[in-house]
Structure formats: structure tokens, C-alpha cells
Amino acid sequence: MATLAPEYAHPFDDAVVVEGGAVRVVREADLASERMDRLVRDAVFGDAASQAAARWLIWEIGQEVGVRAASIHPLYMARGRGLIHGFTVPAINVRGMAYDTARSVFRTAKRIKAGAFICEIARSEIAYTDQRPAEYAAVILAAALREGFRGPVFIQGDHFQINAKKFAVDPAPEVGAVKHLAREAIAAGFYNIDVDTSTLVDLRRETLVEQQRLNYEVGAELAAHVRSLEPPDVTISIGGEIGEVGTKNSTVEELRAYMDGLNAALAQRAPSGTVGLSKISVQSGTSHGGVVLPDGSIADVKLDLATLENLSRVARSDYGLAGAVQHGASTLPDAAFHNFPRTETAEIHLATNFQNMLYDHLPVALRDEIYAWLQVKAIDERKPTDTDEQFIYKTRKKALGPFKRALWDLPADAKATLATAYDAKFDFLFAQLAIGGTASVVAQHVSPPRHRRPAPGTAGAADSHAAPDDADLSD
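Basis of the calculations
Residues numbered from 1 in each chain as written. Predicted model: local features only at pLDDT ≥ 70, side-chain atom pairs only at ≥ 80, totals over all residues. Heavy atoms only, no water. Helix = DSSP H or I, 4+ residues; strand = E, 2+ residues; numbered from the N terminus. Polar contact = N/O pair within 3.5 Å; in protein donor to acceptor, adjacent residues only side chain to side chain. Contact = heavy atoms within 4.5 Å. Phe/Tyr/Trp six-rings, centres within 6.5 Å; stacked < 30°, edge-to-face > 60°. Buried < 20%, exposed > 50% of the residue type's maximum accessible area, 1.4 Å probe, protein only. Axes fitted to C-alpha atoms, helices over the stretch in contact; angles between N-to-C directions. Parallel < 35°, antiparallel > 145°, perpendicular 65-115°, else oblique. Left-handed = near helix turned anticlockwise from the far one by under 90°.

A.B. asks: Just checking my understanding: could you explain the side chain of T343 for this structure?
C.D. replies: Here T343 shows up in the loop between α12 (339-342) and β11 (347-350). Within polar-contact distance, the side chain of T343 engages the backbone oxygen of F340 at 3.2 Å. Apart from residues no more than four positions distant in its own chain, T343 is found in contact with L305, L308, E309 and S312.

A.B. asks: Hey, could you run me through the packing of aromatic side chains in this one?
C.D. replies: In the structure shown here, the tally under the stated rule is 14 aromatic pairs. On the numbers, 5.9 Å between centres and 10 degrees between planes, the contact of Y99 with W408 is stacked. With Y99 in helix α4 (residues 98-112) and W408 in helix α16 (residues 404-408), the pair connects residues that are 309 residues apart, well separated along the chain. Looking at Y99, the relative accessible area reads 4%, which means it is buried. Assessed through its relative accessible area of 4%, W408 is described here as buried.

A.B. asks: When you look at the packing of helix α8 (residues 171-188) against helix α9 (residues 208-228) in this model, what are you seeing that I'm missing?
C.D. replies: What describes two packed helices is the angle between their axes and the distance between those same axes. Remark: α8 packs on α9, axes separated minimally by 10 Å, with the N-to-C direction vectors making an angle of 30 degrees. Compared by their axis directions, α8 and α9 come out roughly parallel. Considering how the two elements wind past one another, α8 and α9 form a crossing that is right-handed. Contacts from V175, V178, K179, A182, R183 and I186 in α8 reach V218, E221, L222, H225 and V226 in α9.

This is the structure:
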């Protein structure tokens, strides 16, 4: 077990006092300084003892000043009851150069007084970006503190997904792996979990119920497991999914078959009154990362807004959910984003475009080095029909973990250029999704409890083991 080494000297000096395993912030303004940069580097790149100490300190500082990991469930339930409307929550997959990217998210949110947004990472991304949940949560919370953001921080496990091929061979270990990941993530502060068993939908079956049966039965098993792991006074926001992204568009009938089946299965598995889902992911024409054309450009997307609007309406009116969730949205044209609040879409997931921006702004020498690495390390993923541009575009996400340190250590001018680009993009997206001013709405519905953690090396301190990786699932 990692311990809080007596020799660990945190960078805040007397601005943050650690006494008897408790943290007291003396000068809050010092948190938004380069001292936080040094602390988060320890949390990511330090030795085991320094990592544990830094991650614990970031968490405890956040508890003190009101930057706390939170569940968005109460906000979504208010939406399901018709109390709030008119905005779409962006769920942002923070992959490469995570701290700087997240700083841009919180910097933009603070400027426009936004509170309804999520930082997330998928099961696959945890593997190929080399960011375990404890590290990821520390980085996100540190970024919020660095930018002077105050309020609940929604950290989400995106696509905690069942690998259908592994499930077909032996279901128990695969379901167990997702349960293990949920336990690891919740312990780290992931109070929002997207349970994705949509890979188990079998369209060969004659009826919609049979097509969705494995999806809702295994989904209910995982949802019950998540509920069993909830910290005191936290109701985790759980999402389900009725159609694997990139397949055929979802229908209202499929939504009902899944929701009715899952609610019944959850009632059998869990104690009476166990809370169900807060949202439902659907397929309406997008795909993760977009469809890459031979020249490396992205094909136009035929987004079915009528389907999205109808599914959101039924999810709210019939099941009390916040509405439908749109995946694979970051590569849509800019003109599409204002449609999501208009159709009352509850949440959209944004990932690949920020990765594309990162690669577009990398120093040429580093980008060339990464692409040469891919030609060796990812060559097994190249299809015979792939052009060089298609191969690189589809595989370059796999370099984010091996080159994590290099990306964190980009020259100051490259970081400044990226920060400007990210700020402009988040400013645009947040405006289109109408989340400006939602900090007050979030404060009205979400009150994260204070959760103190024992210092590393003391009785009760967490000592979780990493769940099995799977880098080839949805992201």
C-alpha cells in the first residue's frame, strides 16, 4: 500500500496545512497558481507514495473549498419532472494533455457561469490513454481548483461496456471486469456511470423484447452493483443504452422494450425502491470518431433529429428520465449543435474533435514521431483498404498513453496555442448547448456531501486494484 510519506512536501507551504490527517486551506487564492501544477504532476508522474499523497491532498482541498465530485442525478431527475429544460449537458472525454484540456473546460465554464457539464472517460480510454480512475479524478479536480472554479464537479465513467466477444465465450469474467471497474471508479469519485450493455442487443431475434433481453438483464445486474457501491448520501447517475453507436437508429418501441425490461429486472435484483436510470443513450445517425474518408476527412453525418427529439420526450414522459443521450457528436458540423437544446436532448458526448485539435497543433517533430510509432506498434490494426490518412486517423488515439509525458511536457508556446484553440471551441460549444448560467440551476438541485478520505497509509485508506483493461471498446 502506498503511504503518505513524512518526507512528502506539498508545494503549497503554509497556504495549506495538513495536521492529524486533516487538511485546512489557509490561503485559498494560492490554489489557483503554478503550485497546483506541481501538485498534479506528483499525482500523475510521481512515485507511488507521492502519487497517493498528491491525489489525497487534491481531493481533501476540494472538499474544503467546495470543489467536490458529484452526481448529476438530482439535476436529471428535476429535468425528468419538467422543472428545468432548454439546455444540453456536454460530456467531454478528456484524453490527451488532460490537465491543460480540463483547465480550458473549467476556465470557460467559470467565465459563462456554467455548471451543467461533465468530464468523462470510457473503459477503452482508460486503457489506451493510461489514465486510471484515481489519476483521472485527481487531474479533473486539480484543473477546477487551478482555474478558481467552484461548485459540483461531475466525473463520469463513459461506456463501461461489455465486450460482446468475450461475453459470448464466458459471460461471468466479462461482467466481473465491468463490476471491478465500477468499484475502482466509484472509489475514485466517479459518481456518474454509463452502463453500456448495448453490445449484447441481438437483432436476429424475432421480438424487440428478445432483442433487448441480454441488454436489459445484464444492464440491471450492473446497475444493481453500482447502487451497492454508492457512498453515503450519493445517488449515482446511471445511464443505459439501447442501441450501439454506429448501428441502426433507435426507435421508441426499442426504448420501451429496454426500459420496461430493465426496470422489472432491477426490481427483482435490488431492494424495493432502488433507483433506476437517469438517462438513456440512443442511436440517431452518428458514429464514434466519425466515418473517415480516404483523404482523412470526415464524412457528413445524417443526424436524425426527429428521432432524437421523440426518444427524449418519451424517456421523460413515460419513465421520468432526463431524456436521450447523443454519442459521437464532436465531429458534427458546427451548425448542428444548436439543435440539441431545441430537441431537449439531455446530454451529448464530445471526444474526437478535441483529440484532432491536439494533433493539429502538435510540434511537427513530435507528431512525426508519434505517427512513425503507430506504423510499428499499431500496424496490426491497418486494414488492406486503408489509406495512410485513414490508418493514422483511426489509430492515433492509441498513442496518447505511450506519449502522455511528452504531451504534458509540450513547450509553453504550443500549450498557449492549444489553450486559445480549446477556449474558443468550448466557448462556442457551451453557447450552442445553452449551458451558460447553469451554475445557479446546478446549485439549486445538487448539493454534494462532504466526503473526507483517510490519508494514505492510515486505517481505512483506499487501496484499490486496477480493473482489467480493454482498449478496443467504444469511446
